[in-house]
Amino acid sequence: MIERTLIELVDVTGCHLVLTTGGTGPAPRDVTPDATLAIAHREMPGFGEQMRQISLRFVPTAILSRQVGVVRGRTLILNLPGQPKSIRETLEGVRDADGRVVVPGIFAAVPYCLDLIGGPYVETDETVCKAFRPKSAHRPPARDLRPAMERTAGRRPRTRPTRRGRTRLAPRVRGGAFVVASATAFGAMAIFARYAYADGVDTATLLALRFVIAGALLIGTCAIAGVAWPRGRDLATLVALGAVGYAAQAASFFTALTLAPAGLVALLLYLNPAIVALLAAWRGHDRLGPRTLAALAIALTGTALTVGPALAGGPGAHTRQASHSAFWRPSSTRSTSSCRPTSPLASIRSRCRPS
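The structure presented is a predicted model; accordingly, all values stated were derived computationally and were not measured.

Draft legend 1. Here's a closer look at the confidence of the model for the protein chain. Here the protein chain averages 77 in pLDDT, while 73% of its residues score no lower than 70. Every residue in residues 324-337 scores below 50 in pLDDT, and together they form 34 contacts with partners more than four places removed in sequence or on other chains.

Draft legend 2. The packing of helix α7 (residues 171-198) against helix α8 (residues 203-225), seen in detail. Packing of α7 against α8 brings their axes to within 11 Å, and their N-to-C directions diverge by 135°. Judged by the inter-axis angle, α7 sits oblique to α8. Relative to α8, α7 is oriented so that their crossing is right-handed. Contacts between α7 and α8 involve F186, M189, A193, A196 and Y197 from the first element and T203, L206 and R210 from the second. Residues that form the contact of α7 with α8 fall into these classes: six nonpolar, one polar and one charged.

Draft legend 3. Just the packing of α8 against helix α9 (residues 232-256), in detail. Viewed as axis vectors pointing N to C, α8 and α9 meet at an angle of 130°, and their least axial separation amounts to 10 Å. The pairing of α8 with α9 is recorded here as oblique in orientation. Viewed along their axes, α8 and α9 form a crossing whose handedness is right-handed. Across the interface between the two elements, T203, L206, L207, R210 and F211 from α8 touch Y246, A250, A251, F254 and T255 from α9. Across the contact of α8 with α9, the residue classes tally to seven nonpolar, two polar and one charged.

Draft legend 4. Examining the sheet that holds strand β3 (residues 69-72) more closely. Strands sit in the order β1-β4-β3-β2 across an open sheet of four strands; the sheet is mixed. Single-partner strands in this sheet number two, and they are β1 (17-21) and β2 (42-43). Pairing of β2 with β3, which is carried by two bridges, proceeds in the antiparallel orientation. What sits directly across from E43, in β3, is V70. Sitting on the sheet, helix α3 (residues 45-55) touches β2, β3 and β4 (75-80), and the angle it makes with β4 is about 25°.

Draft legend 5. Here's a closer look at the nonpolar core. Residues A193, Y197, L206, F253, F254, L257 and V265 are the most contacted members of the largest nonpolar core, which totals 17 residues. With five residues, α7 is the largest single contributor of residues to this core. Formed by 13 residues, the second largest nonpolar core is a distinct cluster that contains L76, I87, I106 and I117.

Basis of the calculations
Residues numbered from 1 in each chain as written. Predicted model: local features only at pLDDT ≥ 70, side-chain atom pairs only at ≥ 80, totals over all residues. Heavy atoms only, no water. pLDDT = per-residue confidence, 0-100. Contact = heavy atoms within 4.5 Å. Axes fitted to C-alpha atoms, helices over the stretch in contact; angles between N-to-C directions. Helix = DSSP H or I, 4+ residues; strand = E, 2+ residues; numbered from the N terminus. Parallel < 35°, antiparallel > 145°, perpendicular 65-115°, else oblique. Left-handed = near helix turned anticlockwise from the far one by under 90°. Nonpolar A, V, L, I, M, F, W, Y, C, P; charged D, E, K, R; others polar. Pairing = 2+ DSSP bridges. Core = buried A, V, L, I, M, F, W, Y, C linked by side-chain atoms within 4.5 Å. Buried < 20%, exposed > 50% of the residue type's maximum accessible area, 1.4 Å probe, protein only.

In structure tokens, the structure reads:
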């Protein structure tokens with residue numbers, strides 16, 4: 001659960017700094033550092049060493065703490081203690097009676113670390129914690145944004161600033177745009193496949209070209225984005241899903257296109273959400289709440305009204321589409337329990353890489 005949450009915060013939500021609290025001791029239930037290291041791309045041992053150095057000034061049991069700092073992509077993840085007083089001391093540092101910092105806190109190094117890993121430029125309130133940067137890394141002070149923030153208080157932003165002053169869509173809006181783009185591309189795929197068949201391309205050649213081109217593009221994208229390869233059992237599970245589940249469903253889908261109109265095949269394909277929802281509920285991954293059931297009912301009703309009068313493709317096409325669902329939908333739900341959460345790009349790259 002901790003691994004899944006951290007990956008969602010980093011890879012889906014787009015957080016550049018993630019702080020966890022508690023669960024860093026030697027007890028069996030203290031698994032936060034283990035989960036953090038499991039999803040890390042690189043470890044930053046200095047953060048853990050400094051946190052223990054600060055805590056040792058107050059309690060000798062600080063040596064039992066296992067806090068770690070790691071980098072995943074362009075995100076810094078830090079494990080903090082569980083006690084509020086210890087969290088403050090760890091972040092701000094130790095001060096003497098006159099308020100001077102005796103032992104620097106870890107947050108003084110966080111802004112510059114974010115700069116180095118490609119995160120946003122962060123400024124701090126120097127009365128609380130003064131960030132350290134080399135002179136060459138300093139930028140002009142940002143203008144005061146508090147009046148604008150007060151005017152927009154309570155509103156849900158649809159955009160957010162980037163490092164260079166430009167704006168980008170908020171995660172939910174971007175997610176919706178990706179869904180629309182994916183649905184459009186997937187729906188158009190059936191039409192382009194029919195054109196390929198009309199020009200004499202067979203199913204095996206079409207699938208081979210599709211996977212080779214997709215694999216090459218994804219490998220390049222992952223290299224640019226700095227996404228790490230899955231390893232061990234996770235990689236084996238993803239390769240098996242691609243070699244068995246995805247290859248079988250793709251073969252069924254493209255063979256169905258030779259037996260029925262592209263529109264009918266695409267509509268039958270969109271029975272998949274109902275199958276996925278039922279299998280996920282059966283496996284215990286999701287709950288079928290009223291909203292989910294209502295959405296599925298609306299989708300299935302629309303599909304039935306559209307497909308019903310058009311069932312002219314013969315039983316072969318419908319059998320192929322049933323095979324598509326039988327191969328692919330169980331593998332979708334299986335992948336959520338067979339391997340740890342993995343970056344979406346890395347998962348697709350592992351399944352579609354050229355051989």
